Amino acid sequence: MSLNFMMNLVWISAMIVFLPWCAFALEDRPYVNDLKAPENRKDLEALQNAVSSALPKARAATVCIEIKDGSGSGVIISADGLILTAAHVATGVKQKVTVILEDGTRLKAETLGLVADSDAAMIQITEKGTYPFVEIDRTDSTRLGDWVFALGHSGGYDKDRGAVLRLGRLVRIAGTTFQSDCMLIGGDSGGPLFDLTGKLVGIHSRVGQQMQVNMHVPMAEFVSHWDGMRNAEFIGEGPYAEKPKKGNGFLGLATEPGAAGGLKVTKVGRKSPAEAAGIKEGDVLFKMNGVALKDRGQMQDLLEEMSAGNEVTLETERGGKPKTFSLALGER
Amino acid sequence: MNANILASLISLVSLLPTLAQQSLDSAYRTTGTAVVAAFDPQRQVLQRSSAVILNGRQELCYGIVISADGHILTKASEILGSSTWDVTVDATKYPDAKLLMTDPTWDVALLKIEAKDLQPVVYAPTSDVPPGTWVVANGATTRTTRRLLAGIVSAKIREIPPAGGAALGVILKTKSKSLEIEDLSEKSGAKEAGLQKGDILLTIEGRKVKKLEDIATILKDRKAGSTVKIVYRRGEKELSADVRLASRSEMFTDQMNRNDQMSGEFSNHRSGFPRVMQHDILGAASVVGGPLLDLDGRCLGMNIARANRAESFAIPVEDLKTLAERMMAESTR
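Residues numbered from 1 in each chain as written. Chains lettered and ligands numbered in written order. Predicted model: local features only at pLDDT ≥ 70, side-chain atom pairs only at ≥ 80, totals over all residues. Heavy atoms only, no water.

Trainee: What's the story with the overall build of chain A in this structure? I'm lost.
Mentor: Broken down by element type, chain A carries eight helices and 21 strands. In terms of its C-alpha atoms, chain A occupies a principal-axis envelope of roughly 85 × 50 × 35 Å. The buried share among the 332 residues of chain A stands at 52%. Partitioning the intrachain contacts of chain A with sequence separation of at least 6 by distance along the chain shows that 57% fall at a separation of at least 24. Of the accessible surface of chain A, which amounts to about 15,400 Å², a share of 53% is contributed by carbon and sulfur atoms. (Helix = DSSP H or I, 4+ residues; strand = E, 2+ residues; numbered from the N terminus. Buried < 20%, exposed > 50% of the residue type's maximum accessible area, 1.4 Å probe, protein only. Contact = heavy atoms within 4.5 Å. Areas by Shrake-Rupley, 256 points an atom, 1.4 Å probe, with all protein chains shown as cover.)

Right, here's the structure in full:
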């Protein structure tokens, strides 16, 4: 992390020279963005018209994400259902979540990777389909003072209400944070911030004590961690997601070497994940997650590499008949 | 390593504006003076046709001028904690407004001031305007000048069902087979209706009440926002009152959820409306009761609740117009 930061510093001096390079004018950039403030009815209507023409597509791609204890928002960015959201909404990698589209359709999805120190995350809809999506601003074209609009399922999904729309300006740019005066609240987290052309420029992250402080993760942060997130990596150390601790998983059984190979269960812990899954004393374990079990030390090593909440498949025999158990590791 | 350098480069681009310019001057923010200046024609409508409701020097909320001779609509629950009201329209202060009537369903009160030649609001033809449409409402005010805040329509028109169960908002003690009021919640309908400590409840909706279970049975299927007729005894006198049932979440604000905690001020009465439009003008909680204007300066509705940090509600113009006509007719009968 600190190495990365150092490199940024080094590169800043090298890049300043190229500044004019970045200041190209975008053809579809609405003129109101280049006014210090709208001055008259024509300017106000230009703003209003830009929002209403961008809105239908933006709204269709905005989703509610249901997680264990609550809900957040997200936005679909590809026809096959890749979603950008906040790390504190995804909470971890490879977690099962439910995605709700604007019309109420509920879809199964799984969290991919996340960046724990900037609050960026990806989710993939796992049901096959063609989904409405928005384009993302890959060129970091948003400037301080640009008009933006926010969508999100404030306080949770509400079909009669729909996703809530708010208009504001980009009022501060600092490091990996955009600040706007689009007012956010719980449930908006992970939802999209759009520019006036309907391009995705940020993901809602958090609010400040003061009412006008609303923070978003800029697209640049997603772009710079794209491959890692797609590969379901847990990037960074927090604070927006807690890294699962390796080796804190707990199965709840004791074994001894089996007479004909494998590991024979000698004891099943009361109220343990093993007991809940139906494993009984005398069962012989042959494979864990497809890996043949040779001795107790090797099984312990495999468990050390996993964390609480990870799925475990155990192939066993009971009275000579094969039996397969699936369970999630408990927390030790 | 190459990938790492690339990654740094990309994140660097986002750092560049930081070096040049970090923060937008407050005048150019959405609620800033420079932006708000673009709405001067609409501000002039607020100047003439919105009202400031005051108790002494304290601003309670805003109101809508609906007749040339001084009928003002406002948010009932914001003014009923006081018993006298002065009203400012434009730069003129009108003392001692009369409370003609209230409508508990919409939480609207009709006030009358001694005035003439006021300019009532002009109603917009419909509240069915697309999301993203500009709207304008009262912001802060000075003694003589109305200020404004602007925002946009942000969600579909819908009902806001009452939050929490309906309750009278009183603590009762059983005293020789009768129910005596031991305490009243500050935000309760019972307090608004003038009930006091020591009053003995006799009947609710014509049914005798002698023990707490009797009340629970009567209120079980009633909605917050509706009213019940209560007959009670104070000393030797038998009195009656129409008491608004408030929602529990409205009266007991210690039952705030996480979103409430981050919302700063919000309206106490913010649920239980038959229909609302939603917008993103989010001033102080007292910025309710006034008109919601479109860019033509026409009245799209009445601001009825700042629900939370991100959501404000207004009574849609169709409902407001019907309500205004009915209240005017009933109050002159």
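That was the structure; now back to the text.
Trainee: Explanation requested: the packing of aromatic side chains in the structure shown.
Mentor: Aromatic ring pairs: the centre-centre distance and the angle between the two ring planes describe each pair. For the structure on display, the rule yields three aromatic pairs over all chains. An angle of 70 degrees between the planes, with centres 5.1 Å apart, marks the rings of Phe39 of chain B and Trp134 of chain B as edge-to-face. Here the residue Phe39 of chain B occupies a position in the loop between α2 (33-36) and α3 (40-49), and Trp134 of chain B occupies one in strand β8 (residues 134-141), the gap between them amounting to 95 residues. Residue Phe39 of chain B is classed as buried on the basis of its relative accessible area, which comes to 0%. Members of the aromatic cluster, connected to one another through ring pairs, are Trp147 of chain A together with Phe39 and Trp134 of chain B. Over the face of the ring belonging to Trp226 of chain A we find Arg138 of chain A, whose NZ or CZ atom lies 5.0 Å from the ring centre. In this structure, Arg270 of chain B packs its charged tip against the face of Phe266 of chain B, placed 4.0 Å from the ring centre. (Phe/Tyr/Trp six-rings, centres within 6.5 Å; stacked < 30°, edge-to-face > 60°. Lys NZ or Arg CZ within 6 Å of the ring centre and 35° of its normal.)

Trainee: For this particular structure, what's the right way to read the domain arrangement of chain A?
Mentor: When the parts of a complex come together, some accessible area is lost, and that lost area is often taken as the interface size. Domain assignment breaks chain A into domain 1 (28-235) and domain 2 (249-331). Inter-centroid distance (C-alpha atoms) of domain 1 of chain A to domain 2 of chain A is 43 Å. (Domains from an automatic or database assignment.)

Trainee: Teacher, can you tell me more about the pairing of strand β20 (residues 299-306) of chain B here?
Mentor: Regular strands have side chains that alternate between both faces of the sheet. Residues and elements named next belong to chain B. Taken across its eight residues, β20 has eight buried, putting it largely inside the fold. The sheet contact formed by strand β19 (residues 291-293) and β20 spans three bridges and is antiparallel. Within β20, the residue paired with Pro291 across the bridge is Met302. With antiparallel pairing between neighbouring strands as the criterion, β19 and β20 make up a hairpin whose turn holds five residues, including Gly297 at a positive phi of roughly 80 degrees. Relative to strand β21 (residues 312-316), β20 is paired through five bridges, and the arrangement is antiparallel. In the sheet register, Gly301 faces β21, and the bridge partner there is Pro316. Once β20 ends, the chain turns through five residues before running back antiparallel as β21. (Pairing = 2+ DSSP bridges.)

Trainee: Teacher, can you tell me more about the sheet that holds strand β10 (residues 192-195) of chain A here?
Mentor: Sheets are built from strands that pair by backbone hydrogen bonding, the pairs being arranged parallel or antiparallel. Residue and element names in this part refer to chain A. Here we have six strands rolled up into a closed barrel, ordered β7-β8-β9-β12-β11-β10, and antiparallel in their pairing. The sheet shows a mean angle of 45 degrees between the axes of neighbouring strands, direction not considered. Pairing analysis gives three bridges linking strand β9 (residues 177-180) to strand β12 (residues 214-218), with the strands arranged antiparallel. From the neighbouring strand, Gln179 faces β12, where its bridge partner is Met215. The strands touched by helix α3 (residues 41-61) within the sheet are β7 (147-152), β8 (164-174) and β10, with β7 carrying the most contacts at an inclination of about 35 degrees. (Axes fitted to C-alpha atoms, helices over the stretch in contact; angles between N-to-C directions.)

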